[in-house]
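Architecture at a glance
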Amino acid sequence: MATNVSAHEHHYHPPGLQHQFEDMGQQQESASIGMWMFLAQEIMFFGGLFTAYLVFRAKFPMAFAAGSNHLDIYWGTGNTVVLIVSSLTMALAVHYAQLGKRMAQVLCIILTMILGATFLGVKAVEYTAKYNEGIVPVTGLNRRTPAGEAQAPVETAGEHKTGATEHAYHNPKGEFQWTDASLAKKAEDAGYLTSAEKAGYYANGVLDANKFRDKVRIFYWIYFAMTGLHALHMIVGLGLMAWLLWKAWLGTYTADYYSPVEMSGLYWHFVDIVWIFLFPLLYLLGRHFGGGH
Amino acid sequence: MIMQQNSWIPLFPEQASSFASEVDYLYFFILAVTLFFGIGCAVVIFFFAVKYREKEKFGRGADIHGSMVLEVTWTIIPFVISMIIFIFGAVVFYNLYRPPADTMDIYVVGKQWMWKFQHGTGQREINELHVPAGRRIKLVMTTEDVIHDVYIPAFRTKADVVPGRYSTLWFEATKPGKYHLYCAEYCGLNHSGMRGSVIVMPQNEFDNWLSGNTSGQTPVEAGRDLFENKLGCASCHAGGANQRGAKLEGLFGTDVKLVGGQTVKATDEYIRNSIINPGAQVVEGYQPIMPTFKGQVTEEQLVSLVAYIKSLGGNGSANMTSTAAPTAPAATGSPTTGGTTPANTAANRQGSNPNAPKNQPEPANSNR
Amino acid sequence: MQNIDAINSEIIERPAVNYLNNGYSLKSWLLTRDHKRIAMLYLASVSFFFMLGGIFAGLIRLELLTPQSDLLESASYNKVFTAHGVIMVFLFLIPAIPATLGNFLIPLMIGAKDLAFPRINLLSWYLYMSGAAVAAYALLQGGVDTGWTFYAPYSTTFSNGYVVATGLGAFIIGFSSILTGLNFIVTVHTMRAPGMTWFRLPLFVWAHYATSLIMILGTPVVAITILLLALERLAKVGIFDPAIGGDPILFQHLFWFYSHPAVYIMILPSMGVISELIANFSRKRIFGYEFVAFSSIAIAVIGFIVWGHHLFVSGQSIYAGLVFSFLTMVVAIPSAVKTFNWTATLYKGSISWDTPMLYALGFLGLFLVGGLTGLFLGTAGLDIHLSDTYFIVAHFHYIMVGGTVMGYLGGIHFWWSKMTGREYSEFWGKVSAMVVFIGFNLLFFPQFILGYMGMPRRYASYPEELQVLNIFSTAGASVLGVGFIMPVFYLVHSLFFGKKAADNPWLLPGLEWRTASPPITENFESTPIVTWEAYEFGEESGLHTEEARRTTLAPTA
C-alpha cells in the first residue's frame, strides 16, 4: 500500500522555491538540467549553420579566404578578448552570489554588461563598415551611392588599405560589391584551384570577378547569419544581465539561492564559446593565403 | 489504349522491362515474409484477445515478467530476415542504378511541365518516347527549372532529374506496348499533367519508325550545325595542327590531362562543363581563352553538341547510334525555338517538330 | 472478491475543488500554469486542427473520385494537399500526444505536482498558437503550393505561394515543440516521487523521454533549415540555387535530418500509450519491460541516422543509398521487438474489451501493416519503384493515422474520466473504434495497390483505369470521417451529461489512478511514495484491500 508523506509538514518555505518543487535541491537540479538541455538545442541550432559553412567552405575555399581576409582581424581579436574577460567577470559574479556578497556580485554583473555592450558596439562598427563598403550580401542593405557621386569608401579604423581604389564605385541600388579576385588569381597561378572551384569562378575561360563575387557573397551571407545570430544571443544575454542586476541589487541571491545567477552564467559562457568557434572560422581561416596584413 | 487491362480492378502493373520481374520477385518475397509475420502476429493477437478475455471483472493476469530467450530470439530472427531482404534489395538497387556500358543513349530534358526527348538518330519527341524492345537504353537527363522525376511503372524504375547536373536512368524494354510515363517528383502547378507514354516497339518496327520520321536533324547533325555555323566552335576547335582550341577528334571517353596536372575522363558531364564553364578544366597545352557559352546554349543544344563531339570518335562513342542514315536537313530550322507546347496536347504527332512555337504562357517564375 | 455493487452504492467524499472547477474565468485558463489545464488547451486546439486538416483530406479524396481534375483545379489541389500536410504534420501529429496526454499525465504518472517549468509550458502553448496563426494567415492569403516538404528550388524560386509565412509558422511551432521536450526531460529527471525509480516508470513516460530527445536535438536543425530557405527566397544568396553554386540536395539532407526523426516524434508517444493500454487492459505486467523501454531509446537514436532513405532516387550516391537502406532495416528491429512484447503481454492476461483496448488492438493491426510495408520501402531496390507513389502515401498513413491517431484516440478514451471526471458512452465508443478501423482500411489499403500500379502522389488527375481503386478509397474516407466525428459528439456530450466517473474505474495500479478524477490542482493530496513496480497487479500494488477498492471504485455525488 502506498504510504504518504504529508505535504503540510514542512512549514519552512525557502524564498525562491516554486510551488511545483519539493525543495531547493530539486529546483536547483531542474534548472541546471533544463539549461543544459536548452544549450544542447542551441548547439544543434548553430549546427545547421556550421554545416552550411563547412559545405561551402569545402567547395569554395578561395572565396572564403578572400572574404575572411577582408574581415577586420583587429576588431575581431579585440572582441574575442572582451568576451573572454566578460566570462571571467560572469564567473566571479556567480562566485560572489554563492558567497552571498551583494556588492561584489552587483559590480561583476555591471562589468559583464559593460563588456557585453562593448562587444556589441564593436560589432556595430564592423557592420557599419560593411554597409559603407557595400559588402552586405543583401541587395538594398548597402550604402547607396548614386551614379556620378562615386566616392571613396568611408575609412574606418583598421580597415584594409590595400584596395582603396577598388572601392571607388557607385552603387545606386545598394548591391553587394566585390571586385577583388586577386586571391583566386594567386591560387590559380600556384595551381591549387580545385575543379569545383574553377567551375564556380570561371567564365569565358578566365577567372571572372563577378562569379568570384557571388561566392564571396555566400561567405558574407554566412558571416552575417552566424555573427547576427550570435549577436542576437548577446542581446538576450544583456537582457538577462539587466534582470539579474536588479534582483542582485535587491539582495535576492544568497548562499541558499543563487541558481538564476548560475544559469545565466551558463548561458553567457555558451554564447562566449560559440564566438570562440566563430572567430577562427570566420576571421582566421585563410589568412595564410597571404591576403592579410 | 493505354495498358491493356484484363480485370475490372487493376491489381498489378505490367512487366515490360528486363528487371521488372527482378523487382517483382523482390516484392513478392517481401510480401510473403511480411504476410507470414503479419498474419501470424494478427492471428496470435486475436487468439489471445479472445482466449484470455476476462473471466471476472478486475481479475488478474498471470505474473509473467518477460523472457530473455524470447527477447533475443525475436530480436535476432527479424534482424536476420531484414538483412536477407536488405541484401536482395541492394543487389536489385545496384543493377537498376548502374547503367551497363553498351547502351543506346536518349537525352531527356524536363521542363515545367513537359518532357522533351531527343533520340540519337534524330527524333525529337515531347511526352512520348519510342524505344526498341530488347535494347539497353540509357536516359541522360537534366532539367531547365525545378526537380522532376522520370518514372515508368511498367519498367519498375525511376530517377530524379535535378537542375544543374545530369542524372541517368537505364532500362531494357522487353514487351512491345504503350506504357505510362510520369513525373514523380512534385514540380508545381501542372505536375499531374506532366506525364506521357513510352512506346516500346519491336526492333524492326522501331527502325521503320525511325526512317519514316526523320524530318528533324539528328543530335549529331544539329550539333555539327551548331559547331560549324551557329556557334562557330569550329574556328578554334577544327583547323588542324595549329588550332587554338583543344582537339576534339577521338576525345570522348579518353583521359584528358589538365593544366595543373590533374586528369579527368572526357564524359558527357565533362564536355557539358567545358562548354558552359570552359575555364574550369583547361586542357594541358592550351590557353584558357574559350568564352563561356552559358546562357547562350540551351540544354537541348548542349545535348546536341555533346552528341556531336561524341560522334567524333573516342573510347565511349561506340554506343552512339551512328547507324542513322544521313537525313534531310531540318525543314523547320533551329531546334531551339523558345516556345513550348502545352504538356498535355495530343498534337505531338510523331515526327512533327515538337518545338514549333506556340502561344504557351511561360510558367510563373515569380521571385516574390 | 468483494461485492462491487455494494461498494458502488456508497458515496465517497471527495475534494470539492479540482483543477477544472477552481476558476471559470477566461483568465484562469489563458494564464494558467497548471499542466492539466494547459493540456486541455492543447487538446482543444490540436483537435481543432485535426478537424481542419481532415476537411482538406476530404477535399483531396473528393477530387480523386474522378480521374480528371474537375472538382479542384491543379492550382487549388496543390494548395489543398499542402495545407493538409502542413496542418497535419506541424499542427496535429507532432504535438498531438505529447502536448495533450503527455502534458497531462507525465506529472501524474511520476507523482509530481507539475512539470518542472510551468511557465515555459504555457509559453509553448502560446508559441504553438502564434505559429498556427501565422500559418493560418498564409493559408487565408492564398495558401502555399510546395507540399509540406518545401523542396528547393521549387520553393525558393518558382512557387508563387506564401512559402516564407508558412515556413515562419513551422519555425515558431518548432520552438513550442522544443520547449515541451525540454520540460519533459527535466521533469522526468528531477521530479519523480520517492520510490519512482527509472525502471518503475510507466512506459508512456519512457516513450515521451525518447520523444523529447528527438524534439530537442532534431527540431533546431529544421528551424535553421527553414530560416535558410526563407532567406534564400527573400535575399537570393544561392545556398540552394544550383545556378550560383548552391545545392538543392543539401536542402533535402538538412530537411530530412529532422523530418525523418519527426516521424518518431509522432509515433513514439503513441507507442507509449499502447504500452499502457495493453498492459492495463490485460491486467498484468508488460512483457519484457526493459526491452520495450530501451527500444524507444533505440528508435530515437537510430532514427537520427536513417534520413537518407528519403533520397534513394534523388541522385545521392549508390553507396550512400545502400548504407541508409541497411540502417533503415536496423531501425525496424526495435519496432518489431515492441510488437512482439505487446503480443506476449496479452498471453494469459485478463483482457477486457473496453473502448480503449479496442483502439489498442486496432493500433496493433494497423501498425503491423504500416511497419511491415516500411520494409518494402526501406529496401533500396524496391523503393525505386515505390517512392513518390501512393504506396508511400498508404504506408505513412498507416503509421500516422493507424499509429498516432489510434493511440491518440485510445489514450483520450482511456484517460477521459481522469481528465474530465465524466464517463463517455461505452456503446458509442466501441462503435466509433470499429468504424474508424474499417473506414481506415477501406481508405488506405487500396492505395497500396494503386502505388504498386504506379500512381504518383500529389496528382490531381490520374489515368482512368485506376478509378475503381480510388472510388474505394474515397468511400473509405467517408466512413473514416464518420468514425472521427462520432467521438466529438459523444465526448462533448459526456462533458455535460456523462455519469460522474470514479477515481479508478478500472482498478489500475498507475499513480494517475490514485488521485481524484479530475485531479486537484496539486495533483495529489500529499506526495505519494511508490513501492510497486510498473503495471503491478499483485499484492504489492495495494489494490486488493477493501479500502483501496472502496476509494477507487465508488463514484461521487
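Per chain, residues are indexed from 1 in the order of the written sequence. To label them, take the chains in the order written and letter them from A, then take the ligands in the order written and number them from 1. Reporting of local features is limited, given that this is a predicted model, to residues whose pLDDT is at least 70; pairs of side-chain atoms are given and counted only at 80 or more, and all residues count toward the totals for whole chains, interfaces and linings.

Moving on to the overall build of chain A. Helix and strand labels come from DSSP, where a helix needs a run of H or I of at least four residues and a strand needs a run of E of at least two; each type is numbered from the N terminus. From N to C terminus, chain A includes 8 helices and 3 strands. Walking chain A from its N terminus toward its C terminus, one meets helices and strands in the order β-α-α-α-α-α-α-β-β-α-α. For the purpose of contact definition, each residue receives a C-beta atom placed from its backbone, and two residues are in contact when these atoms lie within 7 Å. Contacts in chain A between residues far apart in sequence, at least 24 positions, make up 75% of those at least 6 positions apart.

Before going further, it helps to examine the overall build of chain C. Helix and strand counts for chain C stand at 17 helices and 3 strands. A compact globule built from 557 residues should have a C-alpha radius of gyration of about 24 Å, and chain C, at 23 Å, falls within 12% of that. Seen through its principal axes, chain C has C-alpha atoms that stretch 75 × 45 × 45 Å. Here chain C, with 557 residues, has 68% of them falling under the buried criterion. Long-range contacts, defined as pairs at least 24 residues apart, comprise 85% of the intrachain contacts of chain C with a sequence gap of at least 6. Computation of the radius of gyration draws on C-alpha atoms, with the globule rule given as 2.2 Å multiplied by the number of residues to the power 0.38. Any residue with 12 or fewer other C-beta atoms within 10 Å of its own C-beta is exposed, any with 20 or more is buried, and the rest are partly exposed; the C-beta atoms used are placed from the backbone.

Moving on to the interface of chain A and chain B. The partner chain B presents 13 residues to the 10 residues of chain A that form the contact. At the level of secondary structure, the elements contributing two or more residues to the side of chain A that touches chain B comprise helix H6 (195-201), strand S2 (202-203) and strand S3 (206-207) of chain A. Per-element tally for the side of chain A that touches chain B: the top contributor is H6(A), with 3 residues. Counted by class, the side of chain A that touches chain B contains 5 nonpolar, 4 polar and 1 charged residues. Throughout, the ten residues Ala, Val, Leu, Ile, Met, Phe, Trp, Tyr, Cys and Pro are labelled nonpolar, Asp, Glu, Lys and Arg are labelled charged, and all others, Gly among them, are labelled polar.

Residues and elements named next belong to chain B. Along strand S4 (residues 128-132), 4 of the 5 residues are buried, which leaves the element largely enclosed by surrounding structure. Two strands are said to pair when DSSP picks up at least two bridges between them. Bridge analysis of S4 against strand S10 (residues 195-201) gives 5 bridges, and the strand direction is parallel. By the bridge assignment, leucine 129 is partnered in S10 with valine 198.

Residue and element names in this part refer to chain A. Confidence of the predictor at the level of single residues is given by pLDDT, which spans 0 to 100. Scored by pLDDT, chain A has a mean of 83; 85% of the residues are at 70 or more. In the predicted structure, residues 1-10 sits below a pLDDT of 50 and forms 18 contacts with residues beyond four places in sequence or in another chain. Every residue in residues 152-167 scores below 50 in pLDDT, and together they form 19 contacts with partners more than four places removed in sequence or on other chains.

For the rest of this paragraph, the subject is the interface of chain B and chain C. When the parts of a complex come together, some accessible area is lost, and that lost area is often used as the size of the interface. In this assembly, 84 residues from chain B lie in contact with 83 residues from chain C. For the side of chain B that touches chain C, the elements supplying multiple residues, two or more each, are helix H1 (20-51), helix H2 (68-97), strand S6 (148-152), strand S7 (157-161) and strand S9 (177-183) of chain B. In terms of residue count, the dominant contributor to the side of chain B that touches chain C is H2(B) (18 residues). Looking at the side of chain B that touches chain C, its residues break down into 49 nonpolar, 21 polar and 14 charged.

All names here are of chain C. Within the secondary structure, leucine 179 sits in helix H7 (residues 163-190). Look at leucine 179 and you get buried, because 25 C-beta atoms sit within 10 Å. Residues in contact with leucine 179, not counting those within four places in the same chain, are Ile120, Leu123 and Ser124.

What follows deals with the environment of C:Arg457. All names here are of chain C. Position of arginine 457 relative to the elements: it lies in the loop between helix H15 (426-453) and helix H16 (467-497). On the basis of neighbour counts, which here come to 22 C-beta atoms within 10 Å, the residue arginine 457 falls in the buried class. If near-sequence neighbours (up to four positions away) are discounted, arginine 457 is found in contact with Asp388, Thr389, Tyr390, Ile392 and Val393.

Note that the residue after B:Gln112, namely B:Trp113, is joined by a cis bond; omega there is -10°. Here the bond from C:Ser517 into C:Pro518 is cis, since omega is -10°, no more than 30 degrees from zero. Considering the arrangement of structural elements, one finds C:Pro518 in the loop between strand S2 (499-500) and strand S3 (527-528). The backbone of B:Arg156 sits at a positive phi, close to 60°, despite the residue not being glycine. Its identity as a non-glycine residue notwithstanding, C:Asn523 has a phi of 75°, on the positive side. In this fold, C:Asn523 is placed in the loop between S2 and S3. On the basis of neighbour count, C:Asn523 is assigned to the buried category, with 23 C-beta atoms found within 10 Å.

We now examine helix H14 (residues 390-420) of chain C. Residues and elements named next belong to chain C. Think of it this way: the bend at a residue is just the angle between two axes, each fitted to seven residues, one set ending at that residue and the other starting at it. Considering bend angle alone, the principal kink of H14 is centred on phenylalanine 414 and spans about 45°. H14 sits mainly inside the fold: 29 of its 31 residues count as buried. Looking one or two residues past H14, glycine 421 carries a phi angle of roughly 80°, positive in sign.

Before going further, it helps to spend a moment on the packing of H14(C) against H15(C). All names here are of chain C. At their nearest, the axes of H14 and H15 sit 8 Å apart, and the two run at 170° to each other. With respect to each other, H14 and H15 are oriented roughly antiparallel. Residues Tyr390, Phe391, Ile392, Val393, Ala394, His397, Tyr398, Val401, Gly402 and His413 of H14 form the contact with H15, whose participating residues are Gly429, Phe440, Phe444, Gln447, Phe448, Leu450, Gly451 and Tyr452. The residue makeup of the contact of H14 with H15, split by class, is 12 nonpolar, 6 polar and no charged. What counts as an axis is a line fitted to C-alpha atoms, over the stretch in contact for a helix, and the angles between N-to-C directions run from 0 to 180 degrees. Any angle from 65 to 115 degrees is called roughly perpendicular, while one under 35 is roughly parallel, one over 145 is roughly antiparallel, and all others are oblique.

Our next topic: the environment of A:Gly47. Looking at where A:Gly47 falls in the secondary structure, it is placed in helix H1 (residues 24-59). Assessed through the 16 C-beta atoms surrounding it within 10 Å, A:Gly47 is described here as partly exposed.

Here we come to the nonpolar core. Put simply, a nonpolar core is buried Ala, Val, Leu, Ile, Met, Phe, Trp, Tyr and Cys residues tied into one set by C-beta atoms within 7 Å. Core analysis: the largest hydrophobic core is formed by 347 residues, its most contacted members being A:Ala184, A:Ile222, B:Val108, C:Ile110 and C:Ala360. When residues of this core are assigned to their parent elements, the largest contribution, 23 residues, is made by helix H4 (residues 74-110) of chain C. Filtering out sequence-adjacent residues up to four positions away, C:Ala360 remains in contact with C:Ile274, C:Leu277, C:Ile278, C:Phe281 and C:Gly410. In terms of nonpolar packing, the next biggest core, distinct from the first, is built from 5 residues, C:Leu508, C:Trp513, C:Phe537 and C:Leu543 among them.

To continue, consider the sheet that holds S7(B). Residues and elements named next belong to chain B. The 5 strands are arranged S4-S10-S9-S6-S7 in an open sheet whose pairing can be described as mixed. Two strands in the sheet have a free side with no partner beyond their single neighbour: S4 and S7. Each adjacent strand pair in this sheet contributes to an overall mean axis angle of 20°, direction not counted. The pairing of S6 with S7 spans 5 bridges and is classified as antiparallel. Residue pairing for S7: histidine 148 is matched across the bridge by valine 161.

On to the packing of helix H11 (residues 318-346) of chain C against helix H12 (residues 355-378) of chain C. Residues and elements named next belong to chain C. Remark: H11 packs on H12, axes separated minimally by 10 Å, with the N-to-C direction vectors making an angle of 160°. One way to sum up the angle between H11 and H12 is to call them roughly antiparallel. Every pair of crossing elements has a handedness; the one defined by H11 and H12 is left-handed. Mapping the contact onto sequence places Ser325, Thr328, Met329, Ala332, Ser335, Thr339 and Trp342 in H11 and Leu364, Leu368, Gly371, Gly374, Leu375 and Gly378 in H12. Split by residue class, the contact of H11 with H12 holds 6 nonpolar, 7 polar and no charged. Left-handed describes a crossing in which the near helix is turned anticlockwise from the far one by less than a right angle; the clockwise case is right-handed.

Quick look at the sheet that holds strand S2 (residues 114-119) of chain B now. Residues and elements named next belong to chain B. On the basis of which strands lie adjacent, the open sheet formed by 5 strands has the order S3-S2-S1-S5-S8 and mixed pairing. Bordering the open sheet on either side are strand S3 (124-126) and strand S8 (167-172), each of which pairs with just one other strand. Sheet twist, expressed as the average angle between the axes of neighbouring strands with direction ignored, equals 25°. As paired strands, strand S1 (residues 104-111) and strand S5 (residues 136-143) are joined by 7 bridges and run parallel to one another. For methionine 104, the partnering residue across the bridge sits in S5 and is isoleucine 137.

Per-residue confidence for chain C averages 91 on the pLDDT scale, and 96% of its residues sit at or above 70. Below pLDDT 50 for its whole length, residues 1-9 of chain C participates in 12 contacts with residues either more than four positions away or in separate chains.

With that settled, the discussion passes to helix H2 (residues 61-70) of chain A. All names here are of chain A. For H2, a buried count of 10 out of 10 residues is recorded, marking the element as mostly surrounded by other parts of the structure. Every buried residue of H2 is listed here: Pro61, Met62, Ala63, Phe64, Ala65, Ala66, Gly67, Ser68, Asn69 and His70. Tucked into the core, H2 has its buried residues touching H1, helix H5 (182-190), H6, helix H7 (209-249) and helix H8 (259-284).

Below, the discussion takes up the pairing of S9(B). Remark: a regular strand shows side chains that alternate across the two faces of the sheet. Residues and elements named next belong to chain B. The element S9 is largely enclosed, with a buried count of 5 among its 7 residues. Relative to S9, S6 is paired through 2 bridges, and the arrangement is antiparallel. Bridged to tyrosine 151 within S9 is tyrosine 182. In this sheet, S10 lies alongside S9 in antiparallel orientation, the contact comprising 6 bridges. Note that in S10 the partner of lysine 178 across the bridge is isoleucine 199.

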